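Fold and geometry: a report
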Amino acid sequence: MMEANHPQERILSIQNLVIQFTLRGQVLKAIRDISLDLYKGESLAIVGESGSGKSVLVKSIMGLLDKNGYIDQGQILYNDMDLAGFKTEEDWLKIRGKEIAMVTQDPMTSLNPLKTIGKQIEECVVLHQGLKGKEAYHVTLKLLTDVGIYDVEKRYKQYPHEFSGGMRQRIVIAIALACNPKILICDEPTTALDVTIQAQILQLLKNLQKKYGLTTVYITHDLGVVAKVADRIAVMYAGDIIEVGKAHEVFFDGKHPYTWALISSLPQLGSKGEQLFSIKGTPPNLFKEIKGDAFAPRNQYALKIDFVERPPFFKVSDTHYARTWLLDPRSPKVELPEALLAFFEEGRSYANEQ
Amino acid sequence: MNSREKLIEVKNLKVVFGKGKNKFVAINDVSFDIYKGETFSLVGESGSGKTTIGRAIMRINEVSDGQILFHGKPINGRIPKVWDREITQKIQMIFQDPMASLNERAKVDYIISEGLANTKNYKNEADRQQKIRNALLNVGLLPEFASRFPHEFSGGQRQRIGIARALVMEPEFIIADEPISALDVSIRAQVLNLLSSLQEENNLTYLFIAHDLSIVRFISDRTAVIYKGNIVELAETEKLFSNPIHPYTRTLLSAVPEPNPYKERGKIVEIYDPTQHQYDTHPPSFMEVEKGHFVLANEEEIERYRTTKKMGVS
């Protein structure tokens, strides 16, 4: 099943991207030399803590970086265009919405409270699909139905405050779809929602992905959500992608110690009455130059070289790469904690069942 | 749960907001006990009333009907001033959002000692400073932090300050209202560990309010599921997770995404339809299905639940 929706046609390619911010006279390196390909029709999840740069990365794809942020080097290739070279808003308007659309985190703040939701969706239909009047109205109603809203003619005339959080998120999704995008970026689409609503919205997004033939990028820190939606996972830490692979590869055959640490701190892996695994220390200060592996100071498996030289991507399989010196043939074998091994074991056992 | 001494008893609690046409029953006839030394969790969606119960015990929300007992004595209504003082000190709360729950304009020193000052629970200035020192050390912060402002700290550190503020009062019972949902994954584990080690050291009892069921399963001894102001199911946590009986509990459990892509892909999320109950003609009551496992159901349903018991979700 997973192989079927993983064709190898690249739709977007990020190459050696470096993004910096100037803050109070200092330079902060938010994205440190990232390369990432996005394949047509897949859904990719970018996982990381806050401050790891996952939002900055997707904002750069949409041209939504804050004023003090800029692309220092690298390319973002889409349809023979280099988005990294875009300077003006006019350039970006060709991409934003039309080609790449975004669903943001908080549906409470992303809608205009003074306009009916119908008008807000129709606005996009008119602008991006070039429809007018009756036609635009009908497309809007169809979009509302598609995102699972009933009684659409009445709902069209209502204001955002008349909707619940889950319903508002559906409307935000409808607005994103109104632009007919090829790529849909979902930035923590469900963190502000309840679990039951979250399940519905994620299911909706999956259905829409199929229906509209979208390529989706999820940004999240919830590994449960990732497991539900992602074909591939990219794990970010301190502005760098440290591991990328298919969902099951990263979950059950993770290679980078940070991936291990993220999984180990899941409460599902803890046993009652004992201390849960927690990552010591704090993420590095990105104002300073990072030497070696950024995770090394917090990493119990760190080697000497981790503090000196940045590890390259080691290939684990055709689709699975990890940036850790532990994969170097010269490095010593490490013993993983039992809870983690048990988790890997259990997970892989499901693979055989399918 | 070493001893079965009841610390908190909530009896037929009812909380109503508004009057007349705008009347809204937030909590409808809820009863449960919390034993000394245990962690009791309340789970439910937003708007289900879980926070309202916590706030009613904190005496922030007024109780419309029913009783709340602490150590067997009522804490709402007309009570002696001394007892009132004691409750204020013994019951403390940890809030959800560490960014919003600390006074931005006060130093950590003041934030932590405000409760002490209000209850005059220190002998002299040196004693006060010593107490703050200890509270900070207990939550894994440095005593020097006392002279800083909240904005100088990260989210995890701020939550620790919030915990220190509760601890300094030497409470017996702490209400933790979604204490980790605003924190990052890696920080969550740290704060969870802190809460459980503090529980052991200080013999605390927790009421843990949350919507993240994986954390509830890890931390709590007993769990109550609340839906629209009613507790629909209450049991020991493992029992509740391995054998959920009420359809709403089952929906809630099935909605939690598990960190396993294989499992998640095949999973069908159940949807709870409250119209499946015939509660107009056969009103439900809170009944014990097996020892310590309570479900809100009517006679006919309880029969069905008893026969089809053991239908765990995972």
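All values derive from a computational prediction rather than experimental measurement. (Residues numbered from 1 in each chain as written. Chains lettered and ligands numbered in written order. Predicted model: local features only at pLDDT ≥ 70, side-chain atom pairs only at ≥ 80, totals over all residues.)

1. Considering the sheet that holds strand 7 (residues 173–177) of chain B
Residue and element names in this part refer to chain B.
- Strand order in the open sheet made by the eight strands is 6-7-8-3-9-10-12-11, with mixed pairing throughout. The outermost strands of the open sheet, each flanked by one partner alone, are strand 6 (91–94) and strand 11 (285–290). Each adjacent strand pair in this sheet contributes to an overall mean axis angle of 20 degrees, direction not counted.
- Across five bridges, the pairing between strand 7 and strand 8 (residues 205–210) is parallel. From the neighbouring strand, Ile174 faces strand 8, where its bridge partner is Tyr206.
- Where helix 5 (residues 155–167) meets the sheet, it contacts strand 6 and strand 7, and its direction lies at approximately 175 degrees from that of strand 6. (Pairing = 2+ DSSP bridges. Helix = DSSP H or I, 4+ residues; strand = E, 2+ residues; numbered from the N terminus. Axes fitted to C-alpha atoms, helices over the stretch in contact; angles between N-to-C directions. Contact = placed C-beta atoms within 7 Å.)

2. Examining the UniProt feature "domain: ABC transporter" (unreviewed entry) in chain A
- Mapped onto this numbering, the UniProt entry gives "domain: ABC transporter" (unreviewed entry) at residues 12–263 of chain A.
- Along residues 12–263 of chain A, the helical share is 40% and the strand share 28%, with 28 Å between the first and last C-alpha atoms. (UniProt positions renumbered as here; feature names shortened; annotations may be inferred.)

3. Digging into the confidence of the model for chain B
- In this model, chain B carries a mean pLDDT of 87, and residues with pLDDT of at least 70 account for 97%.
- For this predicted complex, the interface score ipTM comes out at 0.78, while the overall pTM is 0.85. (pLDDT = per-residue confidence, 0-100.)

4. Description of the domain arrangement of chain B
Residue and element names in this part refer to chain B.
- When cut into domains, chain B gives domain 1 (6–242) and domain 2 (243–314).
- Here the C-alpha centroids of domain 1 and domain 2 sit 28 Å apart.
- Taken residue by residue, the interface counts 15 residues in domain 1 and 15 residues in domain 2.
- Of all the secondary-structure elements, those providing two or more residues to the side of domain 1 that touches domain 2 are helix 7 (213–219), strand 9 (222–227), strand 10 (230–236) and helix 8 (237–242).
- No other element matches the seven residues that strand 10 contributes to the side of domain 1 that touches domain 2. (Domains from an automatic or database assignment.)

5. Quick notes on the interface of chain B and chain A
- At the interface, 28 residues of chain B touch 34 residues of chain A.
- Elements with a minimum of two residues in the side of chain B that touches chain A: helix 6 (185–202), helix 7, helix 9 (247–255) and helix 10 (261–266) of chain B.
- With six residues, the top contributor of residues to the side of chain B that touches chain A is helix 6 of chain B.
- Classifying every residue of the side of chain B that touches chain A by side-chain character gives 13 nonpolar, nine polar and six charged. (Nonpolar A, V, L, I, M, F, W, Y, C, P; charged D, E, K, R; others polar.)

6. Section: the sheet that holds strand 1 (residues 6–17) of chain B
Residue and element names in this part refer to chain B.
- Across the sheet, four strands lie side by side as 2-1-4-5; this open sheet has antiparallel pairing. A strand with exactly one partner marks an edge of an open sheet, and here the two such strands are strand 2 (24–35) and strand 5 (73–74).
- The pairing of strand 4 (residues 65–70) with strand 5 spans two bridges and is antiparallel. Across the sheet, residue Leu69 finds its bridge partner in strand 5, namely Pro74.

7. Some thoughts on the environment of B:Glu178
All names here are of chain B.
- When you line up the elements, Glu178 lands in the loop between strand 7 and helix 6.
- Among the residues examined, Glu178 registers 20 C-beta atoms within 10 Å and is labelled buried.
- Remark: the alpha-carbon pair of Glu178 and Glu299, spanning 121 residues in sequence, is separated by 35 Å. (Buried ≥ 20, exposed ≤ 12 C-beta atoms within 10 Å, placed from the backbone.)

8. Thoughts on the packing of helix 6 (residues 165–178) of chain A against helix 7 (residues 195–212) of chain A
All names here are of chain A.
- Contact geometry for helix 6 and helix 7: axes closest at 10 Å, N-to-C directions at 15 degrees. Taken together, the axis directions place helix 6 and helix 7 in an arrangement best described as roughly parallel. Where helix 6 crosses over helix 7, the two elements pack in a sense that is right-handed. Between helix 6 and helix 7, the contacting residues are Gly165, Gly166, Gln169, Arg170 and Leu177 on the first element and Ile197, Gln200, Ile201, Leu204, Leu208 and Tyr212 on the second.
- Of the residues contributing to the contact of helix 6 with helix 7, the split by class is six nonpolar, four polar and one charged. (Parallel < 35°, antiparallel > 145°, perpendicular 65-115°, else oblique. Left-handed = near helix turned anticlockwise from the far one by under 90°.)

9. Some remarks on the pairing of strand 4 of chain B
Residues and elements named next belong to chain B.
- Examined bridge by bridge, strand 1 and strand 4 share five bridges and lie antiparallel to one another. Note on strand 4: the bridge partner recorded for Lys14 is Asp65.
- Remark: two residues form the turn of the hairpin made by strand 4 and strand 5, two consecutive strands paired antiparallel; His71 in that turn has positive phi of roughly 55 degrees.

10. Things to note about unusual backbone geometry
Residue and element names in this part refer to chain A.
- Of note in this structure, Asn79 is not a glycine but carries a positive phi near 50 degrees.
- When you line up the elements, Asn79 lands in the loop between strand 4 (69–78) and strand 5 (81–82).
- Located in the positive-phi region is Ala238, a residue other than glycine, with phi close to 45 degrees.
- With respect to the helices, strands and loops of the structure, Ala238 is situated in the loop between strand 9 (232–237) and strand 10 (240–246).

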